[in-house]
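# Report on the structure
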Amino acid sequence: MSKRAVIIVDLQKDYLGSGSFPLSGIEAAAANAARVIEAGRNRGDRIVHVHHVSKEADSPLFAPDTDGIRAIPAVAPERDDTVIIKNYPNSFRQTPLHDTLQAAGIEEVVVVGAMSDVCIDATARAAADLGYGLTVVHDACATRDKAFGDSVVPAAQVHATIMSALEFGYGKVTTTAEFLS
């Protein structure tokens, strides 16, 4: 049995172009994530979907009982997958994720999803801090432009900054093609 899990973070409809909070390149990231998930299933890796659901009913993002909290169809959970609901950027915070991985004997995690600079960053760092071997498939992740003071930081720059920090101090950062080879 594989000691690796593929963790799909927040690949939910609110992030699509038609959603309430569209991300730059989300369709390509979801397509790459689907390839990573398929490869994981074929290897016998554990597949874990983490979905964000806001605690506030009127939240503009991931409001409970809305279509926006549903998985992007290309990466929808299948029958044997694990689905975990979270309320914070870190997928391990106040969720059963760590216990689920520990019970399955998982030693390595592969992280894909959104947003690169928020939930991917928080989840990847937590995974490494908890002792898991970490791989982030960066072209299976997406974000959007961010504002800081009077500046707007383009999504590609936000993404590159986070991925460089993760690669420097936390684990491996790779592409879908490299991961699948």
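Residues numbered from 1 in each chain as written. Predicted model: local features only at pLDDT ≥ 70, side-chain atom pairs only at ≥ 80, totals over all residues. Heavy atoms only, no water.

### Digging into unusual backbone geometry
Residue Met115 is reached from Ala114 by a cis peptide bond, and omega for that bond is -20 degrees. Examined against the element boundaries, Met115 turns out to sit in the loop between strand 4 (108-114) and helix 3 (116-129). Not every positive phi belongs to a glycine, and Asp10 is a case in point at roughly 55 degrees. Residue Asp10 is classed as buried on the basis of its relative accessible area, which comes to 0%. Although it is not a glycine, Phe62 adopts a positive phi angle of roughly 60 degrees. (Helix = DSSP H or I, 4+ residues; strand = E, 2+ residues; numbered from the N terminus. Buried < 20%, exposed > 50% of the residue type's maximum accessible area, 1.4 Å probe, protein only.)

### A short note on the pattern of salt bridges
Under the defined criterion, the tally for this structure stands at ten salt bridges. For Glu78, the salt bridge is made with Arg41, and the minimal N-O distance between the two is 3.6 Å. Of this pair, Glu78 sits in the loop between strand 2 (46-52) and strand 3 (82-86) while Arg41 sits in helix 1 (residues 26-43), placing them 37 residues apart in sequence. We classify Arg41 as partly exposed; its relative accessible area is 28%. One salt-bridge network, in which partners are shared between bridges, spans Arg4, Arg43, Asp45 and Glu108. (Salt bridge = Lys/Arg side-chain N within 4 Å of Asp/Glu carboxyl O.)

### Topic: the packing of aromatic side chains
Taken as a whole and assessed by the stated rule, the structure comprises three aromatic pairs. With a centroid separation of 6.4 Å and 50 degrees between ring planes, the pair formed by Tyr15 and Phe21 is classed as tilted. Since its relative accessible area comes to 2%, Tyr15 is described here as buried. For the pair Phe92 and Tyr132, a centre-to-centre distance of 6.2 Å together with 20 degrees between the ring planes defines the contact as stacked. Taken as a pair, Phe92 in the loop between strand 3 and helix 2 (97-103) and Tyr132 in the loop between helix 3 and strand 5 (133-142) lie far apart in primary sequence, 40 residues in all. Given a relative accessible area of 4%, Tyr132 falls into the buried group. Taking the ring centre of Tyr88 as reference, the NZ or CZ of Arg93 above it sits at 3.5 Å. (Phe/Tyr/Trp six-rings, centres within 6.5 Å; stacked < 30°, edge-to-face > 60°. Lys NZ or Arg CZ within 6 Å of the ring centre and 35° of its normal.)

### Topic: the sheet that holds strand 2
Strand order in the open sheet made by the six strands is 3-2-1-4-5-8, with parallel pairing throughout. Two strands in the sheet have a free side with no partner beyond their single neighbour: strand 3 and strand 8 (172-174). This sheet shows a mean twist of 20 degrees between the axes of neighbouring strands, independent of strand direction. Both strand 2 and strand 3 contribute to a ladder of five bridges, which runs parallel. In the strand pairing of strand 3, Val48 is matched with Thr82. Along the sheet face, helix 1 touches strand 1 (4-9), strand 2, strand 4 and strand 5 and points at about 140 degrees away from the line of strand 5. (Pairing = 2+ DSSP bridges. Axes fitted to C-alpha atoms, helices over the stretch in contact; angles between N-to-C directions. Contact = heavy atoms within 4.5 Å.)

### Thoughts on helix 1
Residues spaced three or four apart along an α-helix point in a common direction, a consequence of the helix completing one turn every 3.6 residues. The terminal C-alpha atoms of helix 1, which comprises 18 residues, lie 25 Å apart, in line with the 26 Å expected from a rise of 1.5 Å per residue. Looking at helix 1, one finds that the buried residues are Ile26, Ala29, Ala30, Asn32, Ala33, Val36, Ile37, Ala39 and Gly40. For helix 1, the secondary structure elements touched by its buried residues are strand 1, strand 2, strand 4, strand 5 and helix 5 (176-180). The positive-phi residue at the C-terminal boundary of helix 1 is Gly44, with phi of around 85 degrees. (Expected span 1.5 Å × (residues − 1).)

### Here we look at the pairing of strand 4
Judged by how many residues are buried, strand 4 sits mostly within the fold: six of seven residues are covered. Pairing analysis gives six bridges linking strand 1 to strand 4, with the strands arranged parallel. Looking across to strand 4, one finds that Arg4 is bridged to Glu108. Inspection of the sheet shows strand 4 paired to strand 5 by six bridges, in the parallel sense. Directly across from Val109, in strand 5, lies its bridge partner Leu134.

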